[in-house]
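Architecture and fold: a report
Below are the chains, spelled out letter by letter.
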Amino acid sequence: DQQVKQNSPSLSVQEGRISILNCDYTNSMFDYFLWYKKYPAEGPTFLISISSIKDKNEDGRFTVFLNKSAKHLSLHIVPSQPGDSAVYFCAASANADGLTFGKGTHLIIQP
Amino acid sequence: EAGVAQSPRYKIIEKRQSVAFWCNPISGHATLYWYQQILGQGPKLLIQFQNNGVVDDSQLPKDRFSAERLKGVDSTLKIQPAKLEDSAVYLCASAWRGSEQFFGPGTRLTVL
């Protein structure tokens, strides 16, 4: 069973617009959520995280929103830039254990 | 600050052969993880070390996979014997006290 789901395999957004990537989870024990960005032939790079005691965390152009009742989180990128084109993974952990990842969303920023 | 180092970057072997991967975490990071990423999937945790002790190896196929972190610093992951379905990227990550994990570039394994 997939405990972390990213239902959009790909997303195309125009440069300068907002990119919204979504993630759903099923395990109520998850207390820490992260987004990673991955370029081909590289390891995932940490982007932003949020603890389950918060509902929003912001870092520059990146904002993560957490809706615990819906078991849903989203990553907003504003404004989107060409360098943001990559695969984005949603991940979650419980009690500082190893991460459970979604399958990823390939974000394509169109010029 | 140096990142997580992994070697080799690429490895091609035939099924039933053995292979080993090496990881050196970020200095001072007590927690080390090995993940397997199959094409089109997200990384899947294989094993988690805290210093040189195993915290979680519930998803490690122990009949063929083994890992060690003898001195609490670098680590090796071994597959013996390899199967076709082991073709994947093997990622090592490290973290300080359960914070965000930092990943190495990975080792791409192809089993023929």
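If you're wondering where the values come from, they're calculated on a predicted model, not measured in any experiment.

About the thresholds
- Residues numbered from 1 in each chain as written.
- Chains lettered and ligands numbered in written order.
- Predicted model: local features only at pLDDT ≥ 70, side-chain atom pairs only at ≥ 80, totals over all residues.
- Heavy atoms only, no water.
- 1 Å grid on protein atoms, 1.4 Å probe; cavity = no way out; pocket = protein on both sides within 12 Å on 5 of 7 lines; lining within 4 Å.
- Points joined across faces, edges and corners; volume = space filled by probe spheres on them.
- Nonpolar A, V, L, I, M, F, W, Y, C, P; charged D, E, K, R; others polar.
- Pairing = 2+ DSSP bridges.
- Helix = DSSP H or I, 4+ residues; strand = E, 2+ residues; numbered from the N terminus.
- Axes fitted to C-alpha atoms, helices over the stretch in contact; angles between N-to-C directions.
- Disulfide = S-S within 2.5 Å.
- Buried < 20%, exposed > 50% of the residue type's maximum accessible area, 1.4 Å probe, protein only.
- Core = buried A, V, L, I, M, F, W, Y, C linked by side-chain atoms within 4.5 Å.
- Contact = heavy atoms within 4.5 Å.
- Polar contact = N/O pair within 3.5 Å; in protein donor to acceptor, adjacent residues only side chain to side chain.

1. Focus: empty space enclosed by the protein
By the definition in use, this model includes two cavities of 30 Å³ or more. As a volume, the largest cavity reaches approximately 80 Å³. Lining the largest cavity we find Lys38, Ala41 and Glu42 of chain A together with Arg9, Tyr10, Val89, Pro105, Gly106, Thr107 and Arg108 of chain B. Broken down by class, the residue content of the lining of the largest cavity amounts to four nonpolar, two polar and four charged.

2. A look at the sheet that holds strand β1 (residues 5-7) of chain B
All names here are of chain B. Read across the sheet, four strands follow the order β1-β3-β8-β7 without closing on themselves; strand pairing throughout is antiparallel. Edge positions in the sheet fall to β1 and β7 (65-68), since each has one partner strand and no second. On average, each strand axis in the sheet is inclined to that of its neighbour by 15°, with strand direction left out of account.

3. Quick look at the state of the cysteines
For the coordinates displayed, the defined rule picks out two disulfides over all chains. Between the sulfur atoms of Cys23 of chain A and its disulfide mate Cys90 of chain A the distance is 2.0 Å. On the S-S bond that ties Cys23 of chain A to Cys90 of chain A, the torsion sits near -75°, and the link is left-handed. Here the residue Cys23 of chain A occupies a position in strand β3 (residues 19-25), and Cys90 of chain A occupies one in strand β9 (residues 86-93), the gap between them amounting to 67 residues. Judged by relative accessible area, Cys23 of chain A falls into the buried class, the value being 0%. Here Cys23 of chain B pairs with Cys92 of chain B through a disulfide, and the sulfurs are 1.9 Å apart.

4. Side note on the nonpolar core
Phe33, Trp35, Leu73, Leu75 and Tyr88 of chain A are the most contacted members of the largest nonpolar core, which totals 24 residues. Contributing elements (two or more residues each) for this core: β3, β4 (32-38), β5 (45-51), β7 (62-67), β8 (72-77), β9 and β11 (105-110) of chain A. By residue number, the principal contributor to this core is β9 of chain A, which donates four residues. Excluding anything up to four places from it in sequence, Tyr88 of chain A contacts Gln6, Leu21, Trp35, Tyr36, Lys37, Leu47, Leu75, Ile77, Gly104, Thr105 and Leu107 of chain A. Grouped together as the second largest cluster of nonpolar side chains are 21 residues, Ile13, Leu60, Leu77 and Val111 of chain B included.

5. Looking at the pairing of strand β4 (residues 31-37) of chain B
Residues and elements named next belong to chain B. The buried fraction of β4 amounts to seven of the seven residues, a majority that puts the element mostly inside the structure. Residue alternation in β4 divides its side chains into two sets, Thr31, Tyr33, Tyr35 and Gln37 and Leu32, Trp34 and Gln36, and both sets are buried. Relative to strand β5 (residues 44-50), β4 is paired through six bridges, and the arrangement is antiparallel. Residue pairing in the sheet places Trp34 in a bridge with Ile47 of β5. Summarising the sheet, β4 and strand β9 (residues 88-95) pair through seven bridges and their orientation is antiparallel. For Tyr33, the partnering residue across the bridge sits in β9 and is Ala93.

6. A closer look at the environment of Ser49 of chain A
Residues and elements named next belong to chain A. The topology assignment puts Ser49 in strand β5. Note on Ser49: relative accessible area 12%, which makes it buried. Taking the C-alpha atoms as reference points, Ser49 and Trp35, 14 residues apart in sequence, are found 6.2 Å from one another. Beyond its immediate chain neighbours, meaning those up to four positions away, Ser49 contacts Tyr32, Phe33, Leu34, Asn57 and Val64. A polar side-chain atom of Ser49 sits 3.0 Å from a polar atom in the side chain of Tyr32.

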